[in-house]
Amino acid sequence: MKKVLITLPNSIAGTLILKGYKQGFKSNGCFVLEKDLRELQTDDIKRFKPDIIFGYDYGFLFGDNKELTQYILENKANYELVHYFADEPEGKYAVVDKPYLYEEFKKIGAVSYMWDRDFVDKLPKCSYLPLAVNYKAYRPQEAKHYDISFVGRPLTEKRQKILAALIRTFKDKLNIFCYEKHFLQSLDDMRDKQFLNEKELDIYKSAYRGFLKTEQELANVYFNTTVNINITLQGKSGMNYRVFEVLASRGFLLTDAMEDVERNFIVSKELEVYKNVDDLLDKTSFYLKNPQIAQKIAIIGFADVTKSHSYTARARKILDNLKSE
């Protein structure tokens, strides 16, 4: 039985992903210990004696506990260091304020997995492995109905132009779920960049629905929305976590056309994609008028996610790869 130490990062998305892997490794018969990196001590590693230390992005290299970092590196012959990257390895979300970590990580000999295949060659001993989802955590219930929903930070020009187009075309049918501070910032951006006029800004203000804290709350929104919009920010070909969350919630997804979407899903059968803003507006209009078609696609998408994109399947892939090395 493999012993896996899961090191949780100071990141909401990273913690969610690694908790999913915790379930995935346990489903594959591993004994798993989960520790927050801010609380992990060298004695925890000495007592547990892991076969694998599993981290997110640059993991333990981020910590302020230099003794812990030094111990992990000095004893790396005793376990496999495995890191999952769901951010661009040289991007601000991965390195934050420590850009030197990119070069430092390449020297430690860790095995890494990348959510976007276009960044695999950026790190040694790196393989492509798309994101996954613990579909059992997303159990929707019948709740308030929404026509169009967007969940995520309404920031960056790319997202704001699309959200502005949705407001102009569909008015009060759009619903936005995010942190309040991010919405208020987007409101200022929309005004400063003149993406919306004052009348449209009033409609945009009324689109805010608050922040969704749990998988249950997310599932309820995704399931009860006719068209869930996804706008990818990071990566070149990869799918973000939203793709898997929506499908796991039995929701209908309209996402931007990334190459890995078409490699992993059947477009127009398990989900739908858009290639530009006009395409997005046309397809949103179509599915709002034909919700029964959207519902059928959502059901098939859910079936595929449960079969092919679980954390159990992803963890098994990692274990098989380590065994064959």
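Refer to the preceding data block for the structure.
Here goes a summary of the coordinates provided. (Residues numbered from 1 in each chain as written. Predicted model: local features only at pLDDT ≥ 70, side-chain atom pairs only at ≥ 80, totals over all residues. Heavy atoms only, no water.)

1. Some points on the pattern of salt bridges
Here is step 1: One pass over the full model with this rule turns up 19 salt bridges.
Here is step 2: Between Lys106 and Glu103 there is a salt bridge whose closest N-O contact spans 3.4 Å. With Lys106 and Glu103 both in helix α5 (residues 101-106), this residue pair falls three residues apart, about one helical turn.
Here is step 3: Here Lys161 and Glu157 are joined by a salt bridge, their closest N and O atoms 3.2 Å apart. Placement of the pair is Lys161 and Glu157 together in helix α6 (residues 157-170), with a separation of four residues, close to one helical turn. (Salt bridge = Lys/Arg side-chain N within 4 Å of Asp/Glu carboxyl O. Helix = DSSP H or I, 4+ residues; strand = E, 2+ residues; numbered from the N terminus.)

2. With respect to the environment of Ile299
Here is step 1: Position of Ile299 relative to the elements: it lies in helix α13 (residues 291-308).
Here is step 2: Judged by its relative accessible area of 59%, Ile299 is exposed.
Here is step 3: Distance in space between the C-alpha atoms of Ile299 and Ser249 is 9.6 Å, their sequence separation being 50 residues. (Buried < 20%, exposed > 50% of the residue type's maximum accessible area, 1.4 Å probe, protein only.)

3. Considerations on the packing of α6 against helix α8 (residues 198-206)
Here is step 1: The geometry of α6 relative to α8 is characterised by a closest axis approach of 10 Å and an angle of 100° between their N-to-C directions. In this view, α6 runs roughly perpendicular relative to α8, as classed from their interaxial angle. Together, Leu163, Ile167 and Arg168 of α6 and Glu200, Ile203 and Tyr204 of α8 make up the contact between the two elements.
Here is step 2: Grouping the constituent residues of the contact of α6 with α8 by class yields four nonpolar, no polar and two charged. (Axes fitted to C-alpha atoms, helices over the stretch in contact; angles between N-to-C directions. Parallel < 35°, antiparallel > 145°, perpendicular 65-115°, else oblique. Contact = heavy atoms within 4.5 Å. Nonpolar A, V, L, I, M, F, W, Y, C, P; charged D, E, K, R; others polar.)

4. Details of unusual backbone geometry
Here is step 1: In this model, Val96 sits at a positive phi of 50°, which is unusual for a non-glycine residue.
Here is step 2: In this fold, Val96 is placed in the loop between α4 (92-95) and α5.

5. Let's talk about the nonpolar core
Here is step 1: Ranked by internal contacts, the top residues of the largest apolar core, which has 78 residues, are Ile17, Tyr21, Phe25, Ile45, Phe54, Tyr84 and Ile318.
Here is step 2: If you tally residues by element for this core, the top one is helix α10 (residues 241-248), at six residues.
Here is step 3: Residues in contact with Tyr21, not counting those within four places in the same chain, are Phe54, Tyr84, Leu129, Tyr311, Arg314, Ala315 and Ile318. (Core = buried A, V, L, I, M, F, W, Y, C linked by side-chain atoms within 4.5 Å.)

Remember, this is a structural readout, not a statement about activity or role.
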